Amino acid sequence: FWDGDGDGLPDQWEAQYVNRLETINASTDLDGDGMSEFAEWRANTHPLNAGSYLRITEIEPASNGWRLAWLGGTNRTYRVYATDWMTSGSWTTRV
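The paragraphs below set out a description of the structure included in this document. Note that the structure is a prediction, hence the values are computed from the model and not measured.

Thresholds applied
Residues numbered from 1 in each chain as written. Predicted model: local features only at pLDDT ≥ 70, side-chain atom pairs only at ≥ 80, totals over all residues. Heavy atoms only, no water. Salt bridge = Lys/Arg side-chain N within 4 Å of Asp/Glu carboxyl O. Buried < 20%, exposed > 50% of the residue type's maximum accessible area, 1.4 Å probe, protein only. Phe/Tyr/Trp six-rings, centres within 6.5 Å; stacked < 30°, edge-to-face > 60°. Helix = DSSP H or I, 4+ residues; strand = E, 2+ residues; numbered from the N terminus. Lys NZ or Arg CZ within 6 Å of the ring centre and 35° of its normal.

To continue, consider the pattern of salt bridges. One pass over the structure, following the stated rule, counts two salt bridges. Across the pair Arg20 and Glu22 runs a salt bridge, and its minimum N-O distance is 3.5 Å. Across this residue pair, the class does not change: Arg20 and Glu22 are exposed. One salt bridge in this structure joins Arg67 and Glu58, with 2.9 Å as the shortest N-O distance. On the basis of relative accessibility, which here comes to 23%, the residue Glu58 falls in the partly exposed class.

Looking now at the packing of aromatic side chains. By the definition in use, this model includes four aromatic pairs. Relative to Trp41, the ring of Phe1 lies with its centre 5.0 Å away and its plane at 65 degrees, an arrangement referred to as edge-to-face. With Phe1 in the segment before helix H1 (11–17) and Trp41 in helix H2 (residues 37–43), the pair connects residues that are 40 residues apart, well separated along the chain. Given the relative accessible area of 16%, Trp41 is considered buried. Arranged with centres 6.0 Å apart and planes meeting at 75 degrees, the rings of Trp70 and Tyr78 form a pair that is edge-to-face. One aromatic cluster in this structure is built from Phe1, Phe38 and Trp41. Over the ring of Tyr53 we find Arg55; its NZ or CZ atom is 4.3 Å from the centre of that ring.

Structure (structure tokens):
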């Protein structure tokens with residue numbers, strides 16, 4: 001991606017949401033949702049909509065393990081990793 005202003009975000013993505021590229025950079029959080037603009041770009045969520053951010057909405061036991069649900073952006077592939085031991089286990093991809 002092209003990042004002509006060197007702020008860690010693709011200029012094309014920035015231009016979708018703001019008129020001046022100087023208004024936004026990878027560490028700002030213009031909508032105040034707790035997600036940096038870099039995280040919004042990675043999740044393909046809307047950086048000016050506080051209700052648009054990657055979040056887990058459900059974790060519950062299921063017959064074959066756990067059920068996990070989340071809300072995020074469109075046109076993204078998410079991976080879920082799991083381990084039996086949080087401190088020293090190996091992580092495997094589940095989804």
